[in-house]
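Chain and residue survey
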Amino acid sequence: MGDDRSHPLQAEVHSGQAPFSAARMRSSLHLFAAGKLISGMIGIAWLLTLVRALDVSHYSGYVVLMALLEIVLLVSNAGVYPFAHRYITEGRLPHNLPLLPGLIWRSLAYRIATLALAAGAVAVLARPLAMLVGQPLLTQVLAMYAFVIVFEGSTRYLELAFESLLEQGRAQLCAVLRNGARLVIVALLWSGGDTLNLSQVVRIEASTAVLGFLLAVVVMAQALRVHRRLVFSSALPADSFSLQRLMSFALPLFIAQCLTQLYSPDTIKLIVSRLLGVTEAAAFGFAHALSFVIQRYLPASLLVGLIRPMLVARRAHGGSDQDLMLVGNLILKINLFVLLPVAAVFAVAGREFAALASGGKYADAGPLLFLMTLLLVLTGAHVVLSMLATALEDRRAVLIGTMVSIPGIVVGTWLAPALGAMAMVLGLWLSELLWCSFTLWLLRQRGFAFRIDGAAWAKLVTAASVAAASAAWLTDLLALSGVVRLMAAGAVIAVVYLAACVALAPLSSYERKMLTRLLPARWQR
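Throughout, residues of each chain are indexed from 1 in the direction in which the sequence is written. pLDDT decides what is reported in this predicted model: residues at 70 or higher carry local features, side-chain atom pairs at 80 or more are listed and counted, and totals for whole chains, interfaces and linings draw on all residues regardless. The side-chain quantities take in all heavy atoms of the structure and omit both hydrogens and water.

Turning our eyes to something else, we now look at the confidence of the model for the protein chain. The quantity called pLDDT is the predictor's confidence in a given residue, expressed from 0 to 100. For the protein chain, mean pLDDT is 83; residues scoring 70 or higher make up 86% of the total. Low pLDDT (under 50) marks residues 1-17, which in the prediction has 44 contacts with non-local residues, meaning those over four places away or in another chain. Every residue pair with non-hydrogen atoms within 4.5 Å of one another is taken to be in contact.

Looking now at the packing of aromatic side chains. When the centres of two rings from Phe, Tyr and Trp lie within 6.5 Å, Trp using its six-membered ring, the rings pair. Their planes under 30 degrees apart give stacked, over 60 give edge-to-face, and anything left gives tilted. For the coordinates displayed, the defined rule picks out eight aromatic pairs. When the ring of Phe-346 is compared with that of Phe-353, the centres are 5.0 Å apart and the planes differ by 50 degrees; the resulting orientation is tilted. Ring plane angle 10 degrees and centroid distance 6.2 Å describe the contact between Phe-448 and Phe-450, whose orientation is recorded as stacked. The structure contains a cluster of three or more aromatic residues connected by ring pairs, namely Tyr-59, Phe-286 and Tyr-362. Working rule: Lys NZ or Arg CZ, within 6 Å of ring centre, within 35 degrees of ring normal, means a charge sits over the ring. Sitting above the plane of the Trp-46 ring, Arg-182 keeps its charged end 4.1 Å from the centroid.

Throughout this description, the term salt bridge denotes a Lys or Arg side-chain nitrogen within 4 Å of a carboxyl oxygen of Asp or Glu. Tallied over the full model, the rule gives eleven salt bridges. Two residues, Asp-453 and Lys-333, come together in a salt bridge whose shortest N-O distance is 2.7 Å. Separated by 120 residues along the polypeptide, Asp-453 in the loop between α17 (421-445) and α18 (454-477) and Lys-333 in helix α13 (residues 321-358) bring together distant segments of the chain. You can call Asp-453 partly exposed: its relative accessible area is 26%. Remark: exposure states derive from per-residue accessible area (1.4 Å probe, protein chains only) relative to the maximum for the residue type, with buried under 20%, exposed over 50%, and partly exposed in between. Look at Lys-333 and you get buried, because its relative accessible area is 3%. Asp-476 serves as the salt-bridge partner of Arg-485, at 3.1 Å between the closest nitrogen and oxygen. One continuous salt-bridge network, built from bridges that share partners, spans Glu-70, Glu-152, Arg-156, Glu-159 and Arg-178. Secondary structure elements are taken from DSSP: a helix is a run of H or I of four residues or more, a strand is a run of E of two residues or more, and numbering for both begins at the N terminus.

Let us now look at empty space enclosed by the protein. Only protein atoms enter the 1 Å grid used here. Points where a 1.4 Å probe fits but cannot escape make up a cavity, open sets with protein on both sides within 12 Å along at least five of seven lines make up a pocket, and a residue lines them when an atom lies within 4 Å of a point. Grid points are joined across faces, edges and corners, and a volume is the space filled by probe spheres set on the points. Under the definition given, this model contains five cavities of 30 Å³ or more. There is about 70 Å³ of room inside the second largest cavity. Among the elements that line the lining of the second largest cavity, the one with the most residues is helix α6 (residues 142-164), at four residues. Residue classes follow a fixed rule: Ala, Val, Leu, Ile, Met, Phe, Trp, Tyr, Cys and Pro count as nonpolar, while Asp, Glu, Lys and Arg count as charged, and any other residue, Gly among them, counts as polar. Partitioned by chemical class, the residues of the lining of the second largest cavity number five nonpolar, two polar and five charged.

On to the environment of Ser-431. Note on placement: Ser-431 falls in helix α17. The exposure class of Ser-431 is buried, given its relative accessible area of 0%. Ignoring any residue separated from it by four or fewer positions in sequence, one finds Ser-431 in contact with Tyr-263, Ser-405, Gly-408 and Ile-409.

Secondary-structure assignment places Ser-273 in helix α10 (residues 265-276). On the accessibility criterion, Ser-273 (4% relative accessible area) is buried. With residues up to four places along the chain from it excluded, the contact list for Ser-273 reads Val-64, Val-133, Gly-134, Gln-135 and Ala-281.

Here the idea is plain: a probe the size of a water molecule rolls over the atoms and shows the empty space left. In this structure, the largest pocket occupies an estimated 350 Å³ of space. Along the wall of the largest pocket there are 13 residues; nearest its centre are Ile-44, Leu-290, Val-293, Ile-294 and Val-342. Contributing elements (two or more residues each) for the lining of the largest pocket: α1 (22-53), α11 (278-296) and α13. Broken down by element, the lining of the largest pocket gets its largest block of residues, five residues, from α13. A breakdown of the residues in the lining of the largest pocket according to their chemical character gives 13 nonpolar, no polar and no charged. Quantified by volume, the second largest pocket comes out at close to 300 Å³. Together, 14 residues line the second largest pocket, and Phe-83, Ser-107, Tyr-110, Leu-243 and Leu-246 are the ones closest to its centre. Every element with two or more residues in the lining of the second largest pocket is listed here: α3 (80-91), α4 (100-124) and α9 (243-260). Sorting elements by how many residues they give to the lining of the second largest pocket places α4 first, with five residues. When its residues are assigned to classes, the lining of the second largest pocket shows ten nonpolar, three polar and one charged.

Looking now at the packing of helix α2 (residues 56-75) against α6. Axes, fitted as lines to C-alpha atoms, cover a helix only where it is in contact. Angles between the N-to-C directions of the axes lie from 0 to 180 degrees. Remark: α2 packs on α6, axes separated minimally by 10 Å, with the N-to-C direction vectors making an angle of 50 degrees. In terms of axis orientation, α2 runs oblique to α6. For the pair α2 and α6, the sense of crossing is right-handed. Where α2 approaches α6, its residues Leu-65, Met-66, Leu-68, Leu-69, Glu-70, Val-72 and Leu-73 are matched on the opposing element by Leu-142, Tyr-145, Ile-149, Glu-152, Gly-153 and Arg-156. Geometric relationships in this document are graded by angle, where less than 35 degrees denotes roughly parallel, more than 145 denotes roughly antiparallel, 65 to 115 denotes roughly perpendicular, and other angles denote oblique. Handedness of a crossing follows from how the near helix is turned relative to the far one, being left-handed for an anticlockwise turn of less than a right angle and right-handed for a clockwise one.

What follows is the structure in structure tokens.
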């Protein structure tokens with residue numbers, strides 16, 4: 001593997017791909033990193049505020065509400081998410097620019113219509129839904145939550161469109177202002193000594209969702225005015241965005257997304273609430289919320305949003321399979337590199353971390369937190385394989401992979417009476433293992449020879465295992481407990497893990513060069 005070959009992240013690409021070149025991606029990376037850092041701090045503050053401000057029954061109700069929101073947003077997308085991932089990016093190519101505003105505004109109108117139908121159904125069925133999930137408290141708030149569904153869902157779609165256009169600055173601006181306003185209002189109410197309840201939180205979310213949607217529409221209109229000035233005569237004809245082409249790609253992926261909800265963490269929250277009660281639902285929701293914060297800021301989630309548009313654009317102009325495989329494997333390795341030391345900390349001091357984060361309410365969620373964090377290894381592989389399938393315009397692998405993954409939820413539900421919420425996490429593990437295994441096999445069957453670098457993964461797992469064992473031995477030897485044990489474990493794991501990674505060198509020199517190209521030019525050597 002020589003270093004002189006064409007680089008999958010390099011800026012020297014065809015003129016048609018310039019909007020998604022490495023130079024453009026580096027420019028977006030700074031805004032992306034800053035926005036995600038601020039959003040991450042807001043998300044953590046929001047979680048810690050709610051888990052302390054709401055009592056167990058109201059927090060459990062909020063966990064179920066959020067699960068319903070995520071399920072409704074995904075099931076109601078009716079193919080618009082795959083459309084944005086693939087075709088809005090393609091619409092940004094220079095020869096397609098005249099078509100871009102129509103693609104965005106028509107798809108937004110379609111998205112609002114699907115959300116309105118779904119939200120109306122939720123409002124009408126408020127009482128049966130509340131009884132179904134064992135949360136009578138939700139009867140009072142589900143009608144108001146319909147507004148959150150419509151406006152939050154519409155805003156998220158516009159933010160997804162921004163990401164597909166590699167407009168990270170605009171996407172992060174909208175997300176930070178919307179979520180920041182929500183946090184500030186709730187924090188002010190709570191700090192003023194008022195007792196917060198679920199109804200107040202829902203009203204605040206509805207208000208900030210409406211304002212966030214209006215902001216996102218204004219920002220999108222301004223972005224499209226900028227793009228309109230870039231339109232020029234192109235020798236290439238505009239691509240076809242016929243309904244047949246769009247539906248043949250988006251519909252199977254939409255079906256796969258709906259089937260995925262049968263074993264998603266959000267569905268499992270509803271099952272836990274129904275089968276195991278409010279307390280177990282609150283603990284599971286707390287552990288999942290923490291792992292979800294981690295997931296959002298893992299490389300597999302962060303880099304895919306940046307790199308997917310570039311890979312789709314390259315593929316639309318004949319990019320090679322080798323490009324996709326190199327980038328996919330690199331993201332998986334970086335994801336594992338970041339995730340494993342976090343999982344190691346939770347293995348050694350997960351109970352202490354859960355107690356600290358929840359103010360002592362959910363200390364027993366430590367084992368759940370460890371297993372759900374380790375599950376993110378498979379979730380990251382799921383994200384990367386989905387990205388590769390999208391770039392390849394392959395809907396078959398994702399759909400079949402999803403269909404064979406459904407038994408995981410059945411196994412988890414069957415074991416739940418004996419193992420509690422832990423059984424549902426084991427069911428998630430089984431589902432993700434089945435999905436990743438079958439999807440990878442199906443991609444390889446079509447001639448896409450993607451292989452996970454097992455040797456590099458083994459090196460990273462070895463480094464994390466040695467670090468965790470060292471931390472456990474030292475903290476037990478010194479009989480440390482509480483926050484002191486947590487801090488000591490974190491420090492030991494960080495030092496030992498980094499030292500082991502330096503010694504084992506899981507990344508090749510070529511992969512390190514790929515990462516260097518994402519840095520600002522003045523930092524490159």
